[in-house]
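What follows is the residue order along each chain.
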Amino acid sequence: MCLSTAYLKKPDGERTLIMKNVSNVRIDGQTVVLSDILGAETPIPGTLAYADLINGQLEIKSAA
């Protein structure tokens, strides 16, 4: 199983952990919706900026 860790990248370049064990990512307009292995969803306002599927890292650029 290939799971990822998602980080929020703020305009100042700082990265903050959002969620571990991300199994699904979908884009809904200006929102990135992350789902974990239990199916819990976390909507994040912003855009998917980077996805490293080998190392399991996602980076979401903050909308603010």
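Note that the structure is a prediction, hence the values are computed from the model and not measured. (Residues numbered from 1 in each chain as written. Predicted model: local features only at pLDDT ≥ 70, side-chain atom pairs only at ≥ 80, totals over all residues. Heavy atoms only, no water.)

A. Up close: the nonpolar core. Listed in full, the nine residues of the largest apolar core are Ala 6, Leu 8, Met 19, Val 22, Val 32, Leu 34, Ile 44, Leu 58 and Ile 60. Secondary-structure elements contributing two or more residues to this core are β1 (4–9), β2 (15–28), β3 (31–36) and β5 (57–62). The residues contacting Leu 58, other than those within four sequence positions of it, are Ser 4, Thr 5, Ala 6, Tyr 7, Val 22, Val 25, Leu 34, Tyr 50 and Ala 51. (Core = buried A, V, L, I, M, F, W, Y, C linked by side-chain atoms within 4.5 Å. Buried < 20%, exposed > 50% of the residue type's maximum accessible area, 1.4 Å probe, protein only. Helix = DSSP H or I, 4+ residues; strand = E, 2+ residues; numbered from the N terminus. Contact = heavy atoms within 4.5 Å.)

B. Spotlight on the packing of aromatic side chains. Here the structure, examined in full by the defined rule, presents zero aromatic pairs. Against the face of Tyr 7 rests Arg 15, its NZ or CZ located 4.1 Å from the ring centre. (Phe/Tyr/Trp six-rings, centres within 6.5 Å; stacked < 30°, edge-to-face > 60°. Lys NZ or Arg CZ within 6 Å of the ring centre and 35° of its normal.)

C. Examining the sheet that holds β3 more closely. Read once around its circumference, the closed barrel built from five strands follows the order β1-β2-β3-β4-β5, with strand pairing classed as mixed. Here the average twist between neighbouring strands, direction ignored, is 65 degrees. In this structure, β2 lies alongside β3, joined through six bridges in antiparallel fashion. Within the sheet, the bridge partner assigned to Asp 28 lies in β3 and is Thr 31. (Pairing = 2+ DSSP bridges. Axes fitted to C-alpha atoms, helices over the stretch in contact; angles between N-to-C directions.)

D. Structural view of the pairing of strand β4 (residues 41–52). Note that β3 and β4 share five bridges and pair antiparallel. Across the sheet, the residue bridging to Ser 35 is Glu 41, located in β4. The antiparallel pairing of β3 with β4 creates a hairpin that spans four residues between the two strands, and Gly 39 there sits at a positive phi of about 95 degrees. Pairing geometry for β4 and β5, over six bridges, is antiparallel.

E. Highlighting the confidence of the model for the chain. In this model, the chain carries a mean pLDDT of 93, and residues with pLDDT of at least 70 account for 97%. The secondary structure element of the chain with the lowest average pLDDT is β5, at 95, and the one with the highest is β3, at 97. (pLDDT = per-residue confidence, 0-100.)

F. A look at the pattern of salt bridges. Following the criterion strictly, the structure yields three salt bridges and no others. Across the pair Arg 15 and Glu 59 runs a salt bridge, and its minimum N-O distance is 3.1 Å. Of the two residues, Arg 15 sits in strand β2 while Glu 59 sits in strand β5, which places them 44 residues apart along the sequence. Across the salt bridge formed by Arg 26 and Glu 41, the nearest N and O atoms sit 3.2 Å from each other. You can see Arg 26 sitting in strand β2 and its partner Glu 41 sitting in strand β4, a full 15 residues away along the chain. In the salt-bridge network here, residues are joined through shared partners; they are Lys 9, Arg 15 and Glu 59. (Salt bridge = Lys/Arg side-chain N within 4 Å of Asp/Glu carboxyl O.)

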